[in-house]
Amino acid sequence: MKAGFIGLGRMGYALASNLLRNKVDVVVHDIHPDPVKSLVDKGATAGAGARAVAEAADVVFTMLPGPRQSREVLLGSDGVLANLTAGKLCIELSTVDTDTVDEIGRVAREKGIRFADAPVGRLATSADKGESLFMLGATDADFDACQSVLLKMGSTVLHCGGPGSGTRMKLINNLMVLCYCQLNSEALVLASSLGMDIRKTFDVLTGTTASNGQLKEKWPIKVLKGDLTPGFDIALGFKDLTLACQAAQSSGVSLPVGDLVRGMFRLARNAGYDGKDTSSLTEFWAAANGVAVPRC
């Protein structure tokens, strides 16, 4: 089996590295040359664009910033689906909107290409260790093939239903994840303003039913130690909240908390927090309130 991987950002690079670590033959492409060169140094082959990757691979993964890029790479005339042989497998790992994933799935079916979507759960540091979770949307017939290759990049595959269901599950998941970012930040800024010891506050919050995975696993290794480098960029968090809110609107469902938190992310973006981790909302709100930034 030869795998193609397009999109080598923070998460994509880690996942492609795991394929190489597990002795998979991989051809890679990204618009930025540095991650391509780094993976070639690890044993990958460089592909000169989506077409070249599709022509060389048996299974193609895409991990791209959003719907526009996914449509260009997968649906364009020089894209993956136009150049992948019928019967081969395409797995979309990006977080996109439901219309985009459904359109990609439709085109793939018309061309006889097997298609699945498998957005990624857990942290970027989890991906580094090969411990990612995949929310898989695939036919029952394709489940085994998808699971076997996904487990070469991560540790857990949850079958959410047919193609498109992985994306829908990711939007639901990230709605909760990103709302926690705001709530965690408010709690820790309040603790700082009240003069509480942040370490002791953290121990209480992660030892009671207030605990959540973002606070317990991410905050100690990111904002609480002053590391704002993006595992999950504020701009991408805003994009994912937007996709969730749009999906809700299309379904006739109200998301009052999600809409509110999306506005909070917009404020952080306007304050220059693009390019920083979602946990940096804590620093943003501390600064906005004139409170010492929580650290421990």
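Residues numbered from 1 in each chain as written. Predicted model: local features only at pLDDT ≥ 70, side-chain atom pairs only at ≥ 80, totals over all residues. Heavy atoms only, no water.

Some thoughts on the domain arrangement of the protein
A common way to express how large an interface is: the accessible area buried when the components associate. Operational definition: The domain limits used here are those given by an automatic or database domain assignment. Reported buried area values correspond to the accessible surface (1.4 Å probe) lost by two parts on association, with both partners' losses combined. The salt bridge criterion pairs a side-chain nitrogen of Lys or Arg with a carboxyl oxygen of Asp or Glu, the two atoms within 4 Å. Counting of polar contacts relies on pairs of N or O atoms within 3.5 Å, with two restrictions inside protein: one atom must be capable of donating a hydrogen and the other of accepting it, and residues adjacent in sequence are counted only when both atoms are side-chain atoms. Numbering of helices and strands runs from the N terminus, with a helix taken as a DSSP run of H or I at least four residues long and a strand as a DSSP run of E at least two residues long.
When the domains of the protein are assigned, the result is domain 1 (2-163) and domain 2 (168-289). Look at where the C-alpha atoms of domain 1 and domain 2 centre, and you get two points 27 Å apart. When domain 1 packs against domain 2, the two sides together hide about 1300 Å² of surface, and 66% of this comes from carbon and sulfur. The largest share of the area that domain 1 buries against domain 2 comes from Thr95, Leu123 and Met135, three residues that together contribute 40% of it. Scanning the region where domain 1 abuts domain 2 turns up one salt bridge. The interface formed by domain 1 and domain 2 includes five residue pairs in polar contact (both at pLDDT 80 or more). Of all elements in the fold, only α6 (98-110) and α7 (124-128) reach the threshold of two or more residues within the side of domain 1 that touches domain 2.

Re the UniProt feature "domain: 6-phosphogluconate dehydrogenase NADP-binding" (unreviewed entry) in the protein
Formally: UniProt positions are given in the numbering used here, feature names are shortened, and annotations may be inferred rather than shown by experiment.
Following the UniProt record, one finds the feature "domain: 6-phosphogluconate dehydrogenase NADP-binding" (unreviewed entry) at residues 3-161. In residues 3-161, the share of helix is 44% and the share of strand is 23%. The end C-alpha atoms are 23 Å apart.

Quick look at the UniProt feature "active site" (unreviewed entry) in the protein
Quick reminder of the rule: Here's how the labels work: a residue is buried when its accessible area is under 20% of the maximum for its type, exposed when over 50%, partly exposed in between, all with a 1.4 Å probe on protein chains only. Any two residues whose heavy atoms approach within 4.5 Å at even a single point are treated as in contact.
In the numbering used here, UniProt assigns the feature "active site" (unreviewed entry) to Lys170. Mapped onto the elements, Lys170 comes out in helix α9 (residues 165-193). Its relative accessible area of 8% is what places Lys170 among the buried residues. Ignoring anything within four residues of it in the chain, the contact list for Lys170 reads Thr95, Pro119, Val120 and Met135. Side-chain polar atoms of Lys170 contact the backbone oxygen of Val120, separated by 3.0 Å.

Points about unusual backbone geometry
Its identity as a non-glycine residue notwithstanding, Lys23 has a phi of 70 degrees, on the positive side. Considering the arrangement of structural elements, one finds Lys23 in the loop between α1 (10-21) and β2 (25-29). At Arg122, a residue that is not glycine, the phi angle is positive and equals roughly 80 degrees. Positionally, Arg122 belongs in the loop between β7 (120-121) and α7.

Here we look at α6
Heads up, the condition is: Expected helix span is given by 1.5 Å per residue-to-residue step, counting one fewer step than there are residues.
With 13 residues, α6 should cover 18 Å at 1.5 Å per step; its first-to-last C-alpha distance of 18 Å lies within 8% of that length. All of the buried residues in α6 are Thr98, Thr100, Val101, Ile104, Gly105, Val107 and Ala108. Residues of α6 that are buried sit in contact with α4 (67-75), α5 (80-83), β5 (89-92), β6 (114-117) and α9. The backbone nitrogen of Asp99 has a side-chain oxygen 3.2 Å away, supplied by the residue at the start of α6, namely Asp97. Phi for Gly112, located one or two positions after α6, is positive at around 75 degrees.

Concerning helix α10 (residues 198-205)
Convention followed: Taken from the helix axis, the directions to the C-beta atoms give the arc we talk about.
Where α10 is concerned, the buried positions are Ile198, Thr201, Phe202 and Leu205. Buried positions in α10, seen along its axis, are confined to an arc of 100 degrees and lie on one side of it. Seen from the buried face of α10, the exposed residues on the opposite side, beyond 90 degrees, are Lys200 and Val204. Those residues of α10 that are buried lie in contact with α9 and α11 (213-218). Backbone nitrogen of Arg199 and a side-chain oxygen of the N-cap are separated by 3.0 Å at the start of α10; the cap is Asp197.

A look at the environment of Arg10
Checked against the element boundaries, Arg10 lands in helix α1. A sequence separation of 222 residues divides Arg10 from Phe232, and the C-alpha atoms of the two residues are 8.4 Å apart. Leave out the neighbours within four places in its chain, and Arg10 touches Ala124, Thr125, Asp128, Pro230 and Gly231. Polar side-chain contacts of Arg10 include one of 2.7 Å to the side chain of Asp128.

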